[in-house]
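Chain by chain, the residues:
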Amino acid sequence: MSESIAIGLISDTHSWLDPSVAEVFAHVDHIIHAGDIGNEKVLEELEEIAPVIAVRGNIDGGPLRFLPLEAFLEVHDKRIAVRHIAGNPKRPNKATRDLIARERPDILIVGHSHIPVVAKVHGTLWINPGAAGREGFHDERFAARIYVDTESGEVTMDRVHFGPRIQIMH
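Read on for an overview of the structure.

What counts, and at which threshold
- Counting restarts for each chain: residues are numbered from 1 in the order of the written sequence.
- The model is predicted, so local features are restricted to residues of pLDDT at least 70 and side-chain atom pairs to those at 80 or more, both for listing and for counting; the totals for chains, interfaces and linings are taken over all residues.
- Only hydrogens and water are set aside; all other atoms, that is, all heavy atoms of the structure, feed into the side-chain values.
- For salt bridges, the criterion is a side-chain nitrogen of Lys or Arg within 4 Å of an Asp or Glu carboxyl oxygen.
- A run of DSSP states H or I qualifies as a helix once it reaches four residues; a run of E qualifies as a strand once it reaches two. Both are numbered from the N-terminal end.
- Under the scheme applied here, a residue whose accessible area is under 20% of the maximum for its type counts as buried, over 50% as exposed, and between as partly exposed, the area being computed with a 1.4 Å probe on protein chains only.
- The contact criterion used is simple: two residues touch if any of their non-hydrogen atoms lie within 4.5 Å.
- A pair of strands is considered paired only if DSSP assigns at least 2 bridges between the two.
- Only the contacting stretch of a helix is used when fitting its axis, a line to C-alpha atoms as for every element, and angles between N-to-C directions run 0 to 180 degrees.
- The set of buried Ala, Val, Leu, Ile, Met, Phe, Trp, Tyr and Cys residues whose side-chain atoms join them within 4.5 Å is what this entry labels a nonpolar core.
- Centres within 6.5 Å are what make two rings of Phe, Tyr or Trp a pair, Trp counting through its six-membered ring; a difference in plane orientation under 30 degrees is then read as stacked, over 60 as edge-to-face, and the rest as tilted.
- Here, over-ring charges are defined by two tests on the NZ atom of lysine or the CZ atom of arginine: distance to the ring centre within 6 Å, and angle to the ring normal within 35 degrees.

## Focus on the pattern of salt bridges
Counted by the stated rule, this structure contains nine salt bridges. R83 is the salt-bridge partner of E70, the closest N and O atoms lying 3.3 Å from each other. Within this pair, whereas E70 is found in strand β4 (residues 70–75), its partner R83 is found in strand β5 (residues 78–83), the two being separated by 13 residues in sequence. Take E70: its relative accessible area is 22%, and that puts it in the partly exposed class. We note a salt bridge from R79 to E103, for which the minimum N-O separation is 2.5 Å. Residue R79 is found in strand β5, and its partner E103 is found in helix α3 (residues 94–103); the two are separated by 24 residues along the sequence. Three or more residues are tied together by salt bridges with common partners; here these are E70, E74, R79, R83, R102 and E103.

## A word on the side chain of H33
Position of H33 relative to the elements: it lies in strand β2 (residues 30–33). Its relative accessible area of 0% is what places H33 among the buried residues. Residue contacts for H33: discarding those within four places in its chain leaves I10, S11, D12, T13, V42, L43, L46, I53, A54, V55 and V82.

## Regarding the sheet that holds strand β11 (residues 140–149)
The mixed open sheet is built from five strands, whose spatial order is β3-β2-β1-β11-β12. On the outer flanks of this sheet lie β3 (52–54) and β12 (155–164), each paired with one strand and no other. Strand-to-strand twist in this sheet, taken as the mean axis angle between neighbours without regard to direction, amounts to 20°. Pairing geometry for strand β1 (residues 4–10) and β2, over four bridges, is parallel. Within β2, the position partnered with I10 by the bridge is H33.

## With respect to the sheet that holds strand β9 (residues 117–121)
Spatially, the five strands line up as an open sheet ordered β4-β5-β8-β10-β9, and their pairing is mixed. At either end of the open sheet lies a strand with only one pairing partner, and these are β4 and β9. Geometrically, the sheet is characterised by an average inter-axis angle of 20° between neighbouring strands, direction not taken into account. Across three bridges, the pairing between strand β8 (residues 107–109) and strand β10 (residues 124–128) is parallel. Paired with L108 across the strands is W126, a residue of β10. Packed onto the sheet, α3 meets β4, β5, β8, β9 and β10 and runs at close to 35° relative to β4.

## What about the nonpolar core?
Among soluble globular proteins, nonpolar side chains are generally buried collectively. One finds I10, F25, I31, L43 and L46 to be the most contacted residues of the largest nonpolar core, which totals 21 residues. Looking at this core, the elements with two or more residues in it are β1, α1 (21–24), α2 (40–47), β3 and β12. Ranked by the residues each element gives to this core, the list is headed by α2, at three residues. What L46 contacts, discounting residues up to four positions off in sequence, is I10, L17, V21, I31, H33 and V52. Counting residues in hydrophobic clusters, the runner-up holds 19 residues, among them L9, A71, V82 and I146.

## Concerning the packing of aromatic side chains
By the definition in use, this model includes zero aromatic pairs. The residue whose ring lies beneath R159 is F142, and the NZ or CZ to ring-centre distance is 6.0 Å.

## Structural notes on unusual backbone geometry
Phi is positive for H14, close to 50°, though the residue is something other than glycine. If you trace the backbone, H14 turns up in the loop between β1 and α1. The backbone of H112 sits at a positive phi, close to 75°, despite the residue not being glycine. Relative to the elements of secondary structure, H112 occurs in the loop between β8 and β9.

Now the structure itself:
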């Protein structure tokens, strides 16, 4: 029986981490946060679960402004790229088209739209896990896990549904 490397995918937390994330990502080897983190405390909490790769989103200021716009992770024989704003799979923005052409990632993890998406773009598996936070226009909160088989290199995924977005009263 072959083993797999598990990676937790999360995006658009907007300064709030669902309490069930620790359980959902308990057995992952890495966590990728695709931007709009909102607060460095979110990254600190994720780091307590597994090593984190994160990119800067359009709301990420303060200490988070020093995060890169693009990040990469090599897992087994798969190259994973991360960007926050990428357009959509049918119309990737120029920076994303350039990243795909330059880096040739097997998998691209994106955020920003708050919409869960899995698609193929120029041979790259495009995954937006959806928004995990409470801020935004999305109705439901999501994350995802991907698994890279260490023998075959096959990538599988499961989506994590956290439930409805709860309005925050200010």
